[in-house]
Each structure stands twice: as structure tokens, then as C-alpha cells.
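Structure assessment
Listed below are the residues making up each chain.
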Amino acid sequence: MTVQHPQPPVTVRTFAQRFSATRRGARLARLLAAHQFTVWGIPRGTAVFDAAVLAVAELAANAVLHGRVPGRDFELVLVYDGGGGVLRVEVSDTHPGRPLPLVCAEAGSEEERGRGLLLVEAVADRWGMRERCGPGKTVWAEIAL
């Protein structure tokens with residue numbers, strides 16, 4: 001006779017979607033991510049929700065502006081790890097270039113662009129970049145729940 005053990009609750013949830021490397025694709029990535037966060041029970045207007053949506057918006061915009069390869073999409077992966085207490089945002093593109101955050105001296109300039117990774121760094125608990133299978137890279141950010 002086998003003993004039945006209750007299954008632990010699922011604490012990791014994943015959402016993955018590819019988007020066209022266009023401004024419209026970046027906007028759709030942000031909107032779908034915001035919807036997914038509410039589905040996972042992260043209320044709109046909370047610090048976690050706002051930080052995660054901002055991270056998606058900036059990383060998707062970077063994929064479109066700096067990581068665009070004609071004819072190639074970018075991918076958004078969201079991971080909700082309730083047991084680990086972290087929300088992870090990953091954006092992958094096929095461009096071989098690596099992200100370069102602004103240095104402090106440049107951040108004070110009057111340029112309207114180039115602060116995306118500084119914003120991600122400000123709202124995320126951790127962020128970084130890794131190689132991906134195939135061409136390109138994945139830029140990720142983690143926000144504590």
C-alpha cells in the first residue's frame with residue numbers, strides 16, 4: 001500500500017510571449033505584463049506592481065530601440081515565485097550588443113533618452129544580463145514581493 005502525500009502548492013508561475021520589435025510591441029508587452037501581475041494577485045498601485053511594470057516598459061523599450069534586428073522579435077518572460085518571494089522580468093533580443101548603463105556624469109545631461117537601465121536599477125532589487133541560447137542576450141530584473 002502506498003502512502004499518499006499531499007502535493008505542495010505551486011508557488012512558481014510563468015508567463016512567456018514574443019512581441020514584434022516595434023514601439024507597438026513594447027507597449028503591448030507592458031500592458032500584458034500589467035494584466036498578468038493582477039492575475040497573479042499583485043494589486044495595481046502597489047510598489048511591487050509599479051516597479052515591475054516600469055521594469056518591463058524600460059527593458060522592452062531597450063529591446064526595441066537598441067536590440068532590434070530587422071525581422072526578429074523580442075521575448076518577455078515573467079516569473080512569479082511566491083515561495084521565493086520574488087518577481088522576475090526577463091527581456092531577450094537577438095542583437096549581439098550589450099547594455100551599457102549611463103555613468104553618473106551622463107545622467108545629469110539634458111538628453112531625453114538613455115536612462116532606462118538607471119530606472120531599472122532604481123526599482124529592482126537585482127538586475128543583470130546573461131547570454132541566451134542563440135544570438136543575443138537576456139536582460140533581467142528581480143523585484144522582491
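Report on the accompanying structure. Along every chain, residues carry numbers that run from 1 in the direction the sequence is written. Note on the predicted model: pLDDT of at least 70 is required for a residue's local features to be given, and 80 or more for side-chain atom pairs to be given and counted; whole-chain, interface and lining totals, by contrast, use all residues. Water and hydrogen atoms were dropped before computing side-chain values, which therefore reflect all heavy atoms in the structure.

1. Focus: the packing of helix H1 (residues 23-39) against helix H2 (residues 47-65)
- Between N-to-C directions, angles cover 0 to 180 degrees, with each direction set by a line fitted to C-alpha atoms, over the stretch in contact for helices. Numbering of helices and strands runs from the N terminus, with a helix taken as a DSSP run of H or I at least four residues long and a strand as a DSSP run of E at least two residues long. In the contact formed by H1 and H2, the axes pass within 9 Å of each other and the chain directions differ by 160°. When the axes of H1 and H2 are compared, the pair comes out roughly antiparallel. Judged by the sense of rotation from one axis to the other, the crossing of H1 with H2 is right-handed. Between H1 and H2, the residues in contact are Arg-23, Ala-26, Ala-29, Arg-30, Ala-33, Ala-34, Phe-37 and Thr-38 and Phe-49, Ala-52, Val-53, Val-56, Ala-57, Ala-60, Ala-61 and Val-64, respectively.
- Along the lines of polarity and charge, the residues of the contact of H1 with H2 split into 13 nonpolar, one polar and two charged. Reported orientations rely on four angle classes, namely roughly parallel under 35 degrees, roughly antiparallel over 145, roughly perpendicular from 65 to 115, and oblique for the rest. Crossing handedness follows the turn of the near helix against the far one: under a right angle anticlockwise gives a left-handed crossing, and clockwise gives a right-handed one. By the convention used here, residues are in contact when the closest approach between their heavy atoms is within 4.5 Å. Three categories are distinguished: nonpolar for Ala, Val, Leu, Ile, Met, Phe, Trp, Tyr, Cys and Pro, charged for Asp, Glu, Lys and Arg, and polar for the others, with Gly belonging to the last.

2. A short note on the sheet that holds strand S4 (residues 126-131)
- Pairing between two strands is assigned when DSSP locates at least 2 bridges connecting them. The five strands lie next to each other as S1-S2-S3-S5-S4, forming an open sheet whose pairing is antiparallel. Each edge of the sheet is formed by a strand with only one pairing partner; in this case those strands are strand S1 (12-20) and S4. With strand direction ignored, the average angle separating the axes of adjacent strands in the sheet is 15°.
- When strand S2 (residues 73-81) meets strand S3 (residues 86-93), the two strands line up antiparallel, connected through seven bridges. Residue Val-77 lies in a different strand from S3, and its bridge partner there is Glu-90.

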